[in-house]
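Structural overview for review
Residues per chain are reported as follows:
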Amino acid sequence: GFLEQPVTLTGECLYIISWKLPIKTTRGPCGEYLFAWHPGQHCTTSSRHAGYVVEKLRKLRKRAQVWYIGWLGIDIAEEDHELVRNQLRAQMQCLPVFLDQTRVGEFEKICSAIIRPMFHLSVPVNKDLCDAFHKSASQWQSMWQMYNKVNLEMVSVLVEAFNDNDYVWVIDTELLMVPAFVGTRCKTANIAFVCN
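A brief structural summary. Just so it is clear, the model here is predicted, and its values are computed rather than measured.

What follows is about unusual backbone geometry. The phi dihedral of N165 falls on the positive side, at around 70°, and the residue is not glycine. On the secondary structure map, N165 appears in the loop between α5 (137-161) and β6 (167-171). For D172, which is not a glycine, the phi torsion comes out positive at approximately 85°. Of note, D172 is situated in the loop between β6 and α6 (178-185).

For S18, the position within the fold is in strand β1 (residues 13-20). One polar contact links the side chain of S18 to the main-chain carbonyl oxygen of K20, over a distance of 2.6 Å.

The next thing to look at is α6. Listed in full, the buried residues belonging to α6 are V178, P179, F181 and V182. Within α6, the buried residues cover an arc of 165° as seen down the axis, which keeps them to one side.

Sheet strands pair via backbone hydrogen bonds, and the direction of the pair is either parallel or antiparallel. Read across the open sheet, the 5 strands follow the order β5-β4-β1-β6-β7; overall the sheet is parallel. The sheet is open, and its two edges are formed by β5 (94-97) and β7 (190-194), each paired on a single side. Looking at each pair of strands side by side, their axes are set apart by 15° on average, direction ignored. The pairing of β1 with strand β4 (residues 65-71) spans 6 bridges and is classified as parallel. Each bridged residue has a counterpart across the sheet, and for C13 the counterpart in β4 is Q65. Packing of helix α3 (residues 101-119) onto the sheet brings it into contact with β1 and β4, and relative to β1 it is tilted by some 85°. Lying on the sheet, α6 is in contact with β1, β6 and β7; it crosses β7 at an angle near 175°.

Cut-off values and rules
Residues numbered from 1 in each chain as written. Predicted model: local features only at pLDDT ≥ 70, side-chain atom pairs only at ≥ 80, totals over all residues. Heavy atoms only, no water. Helix = DSSP H or I, 4+ residues; strand = E, 2+ residues; numbered from the N terminus. Polar contact = N/O pair within 3.5 Å; in protein donor to acceptor, adjacent residues only side chain to side chain. Buried < 20%, exposed > 50% of the residue type's maximum accessible area, 1.4 Å probe, protein only. Arc of directions from axis to C-beta. Pairing = 2+ DSSP bridges. Axes fitted to C-alpha atoms, helices over the stretch in contact; angles between N-to-C directions. Contact = heavy atoms within 4.5 Å.

Here it is as structure tokens:
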């Protein structure tokens, strides 16, 4: 049966995985990358939710390690990946997932055309939604494989840092497969999923 366990998180580690990191990334005048916590306003749904989480978890950071995993929201040149990864890890406790703009566009398309409408009780009444729900089997398979690959990339970043019994909190519909992938790769993970 189910046993309710109190969650203290004192000295523990919590990984928050969201589609986008709750940070704003810009380029400075000399081409350097600049990072700041995202205010959570005038931004996409996932980033806004993650920004809200950042604000609410500030007190928790005094008792536990809180790490954020997600896409930066901009394309980072491959030669800058290591520099950006190290900078975010040291300064903001963020573990970035690097994705190219083509995959991001395809991923966001499947999320907005298929995934979100299914979870927000949207009935396919306009032409674009109807077309999205009537794709051929090969188109569906290709889209589903790409969706899973992006979810797996989020998990790959987690696996590199994970320790037994760490906590993993997955946010929103873009990452529906992440809990299953975490469960098969990090068997002692304490996993939570929030669909907003």
